[in-house]
Amino acid sequence: MATNHLLEINQYGQSIWMDNLSRDMIQSGELKELVENQGISGITSNPAIFEKAIAGNVIYDADIEAGVRAGSPIDKIYESLVFADIRNACDILRPVYEASNRLDGYVSIEVPPTIAHDTEATIAEARRYFQEIDRENLMIKIPGTEPGLPAVEQAIADGINVNITLLFSVESYVNTAWAYMRGLEKRVAEGKDISKIASVASFFLSRIDSNIDAKIDAKLKKGVDDIAVEAKLLAVKGKVAIANAKIAYQEYKKIIESERWKALAAKGAKVQRLLWASTSTKDPGYRDVMYIEELIGHDTVNTVPPATIKACADHCKVGDRLETNVKEAYTLIENLKDPDININLDAVMDELLVEGIDKFIQPFQSLMNSLEDKIKVLSPV
């Protein structure tokens, strides 16, 4: 029987979660098989995943029809579908949650992307989602926007597990880590237990390379007279996301060595693990599992879409690489400022955050539109 390389990754202290969820996967037993035999120990979802799962899928029709008969508004019908899938996924992953002492076994659901810039609305929805779904191993995804961080802090203080999503810059990750700690400190000050709360910081990868590679390709297309300049540009292509992630991990290490963190750890706090997201390779010229292979390391998670899971199981070269070539990573990021390359990484990260929120709003609205169409078809005349 062929070796499943996914199963080797765990020995390096990294968990593999799957970036996908659908009712078909739950009802067919596929999710249970992935969890029990294929090394999948968590699930992440987002509006784009649910649009793909629900739109045009008859498996949801009976529940939509029941919502229509009950006179439920469209947003409640949507939630009834999604919350049911999330609860069922949580139940399938519950044994992992218990066996890992609450390290893994989580299922993430995102608050509506339309409120990404509204702190109070995000707090209110995080509380409601956590209460209504009613599963200990649920994680609420909150975007790492400036208004999102106070919501993260409050959700943690409330005892809600949080997955902070859409992190691109190292600075945004560090800000997220402090928000997590402030939430824990607030909870400690209220005399409450912090040992049962978990959080991950979802650091996005392939979108960074796609954005920067396009900028480099545009420069090359204009024409570069100097071979040395061309070499500089080509040396950056497909390298920035991994370098950026390695630097973020170095910041993680500094944070967990801080006295502030150690005081919380002494009270039972769990580290907020970095989670590598957006890990499917977009450029066919790159190795299809590079965002997995190059970032395997202790106290991390990689959330992987199904096609990349299959590819990694088949041919990932597994090793502890997260802390290799770290000096080169810092140099590469610094080289972006070279006048011959001239890429403003901060501007790229800001652009990606705005684009990232939009990439969740669009499928969310598209799903609502398709649900509306389906409701009209299923509504009694």
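Let us look at the structure shown here. Since we're looking at a predicted model, the values are computed, not measured.

Counted by the stated rule, this structure contains 27 salt bridges. Here Lys-76 ties to Glu-79 by a salt bridge, and the two come within 3.6 Å at their closest N and O atoms. Linking Lys-76 with Glu-79, this pair stays in helix H6 (residues 74–99), spanning three residues, or about one helical turn. Overall, the relative accessible area of 36% leaves Lys-76 in the partly exposed class. Classification of Glu-79 as buried rests on a relative accessible area of 7%. Between Lys-232 and Asp-338 there is a salt bridge, with the nearest N and O atoms lying 2.9 Å from each other. Residue Lys-232 is located in helix H11 (residues 227–236), and its partner Asp-338 is located in the loop between helix H16 (326–335) and helix H17 (345–378); the two are separated by 106 residues in the primary sequence. Connected through salt bridges with shared partners, the residues Lys-76, Glu-79, Glu-125, Arg-128 and Glu-132 form a single ionic network.

So, on to empty space enclosed by the protein. What the rule picks out here adds up to three cavities of 30 Å³ or more. Of the volumes computed, that of the largest cavity is approximately 60 Å³. In terms of lining, the largest cavity is formed by Tyr-173, Ala-177, Tyr-180, Met-181, Tyr-252, Ile-255, Ile-256, Trp-261, Val-271 and Gln-272. Of all the elements in the fold, those that place two or more residues in the lining of the largest cavity are helix H9 (170–189) and helix H12 (240–256). Counting residues per element, the lining of the largest cavity draws most heavily on H9, at four residues. The class makeup of the residues in the lining of the largest cavity is nine nonpolar, one polar and no charged. Put simply, the second largest cavity is a space of about 60 Å³. Around the second largest cavity, the lining is made up of 13 residues, and of these Pro-47, Phe-50, Tyr-78, Ile-109 and Glu-110 lie nearest the centre. Looking at side-chain class alone, the lining of the second largest cavity contains 10 nonpolar, two polar and one charged residues.

Of the voids in this model, the largest pocket is the one considered here, and its volume is about 560 Å³. Lining the largest pocket are 29 residues; nearest its centre among them are Asp-19, Asn-46, Arg-207, Ser-278 and Ser-280. Among the elements of the structure, helix H4 (47–54), strand E5 (162–167), strand E6 (199–204), helix H10 (206–222), strand E7 (273–277), helix H15 (306–315) and H17 are those that each provide at least two residues to the lining of the largest pocket. The element best represented in the lining of the largest pocket is H17, accounting for four residues. Counted by class, the lining of the largest pocket contains 10 nonpolar, 12 polar and seven charged residues. Of the pockets and cavities examined, the second largest pocket occupies roughly 350 Å³. If you trace the second largest pocket, you find 18 residues lining it, with Gly-144, Ser-169, Ser-172, Asp-350 and Leu-353 closest to the centre.

Closest axis-to-axis distance for the helix H3 (residues 30–37)/H6 pair is 10 Å, and the angle between their directions is 15°. The orientation of H3 relative to H6 falls into the category roughly parallel. In terms of crossing hand, the pair formed by H3 and H6 is right-handed. On H6, the residues touching Leu-31, Lys-32 and Val-35 of H3 are Ala-89, Ile-92, Leu-93 and Val-96.

Turning next to the environment of Gly-285. Counting through the fold element by element, Gly-285 comes out in the loop between E7 and helix H14 (290–293). The exposed category is assigned to Gly-285, whose relative accessible area is 65%. With 36 residues separating them along the chain, Gly-285 and Arg-321 place their C-alpha atoms 21 Å apart.

Definitions and limits used
- Residues numbered from 1 in each chain as written.
- Predicted model: local features only at pLDDT ≥ 70, side-chain atom pairs only at ≥ 80, totals over all residues.
- Heavy atoms only, no water.
- Salt bridge = Lys/Arg side-chain N within 4 Å of Asp/Glu carboxyl O.
- Helix = DSSP H or I, 4+ residues; strand = E, 2+ residues; numbered from the N terminus.
- Buried < 20%, exposed > 50% of the residue type's maximum accessible area, 1.4 Å probe, protein only.
- 1 Å grid on protein atoms, 1.4 Å probe; cavity = no way out; pocket = protein on both sides within 12 Å on 5 of 7 lines; lining within 4 Å.
- Points joined across faces, edges and corners; volume = space filled by probe spheres on them.
- Nonpolar A, V, L, I, M, F, W, Y, C, P; charged D, E, K, R; others polar.
- Axes fitted to C-alpha atoms, helices over the stretch in contact; angles between N-to-C directions.
- Parallel < 35°, antiparallel > 145°, perpendicular 65-115°, else oblique.
- Left-handed = near helix turned anticlockwise from the far one by under 90°.
- Contact = heavy atoms within 4.5 Å.

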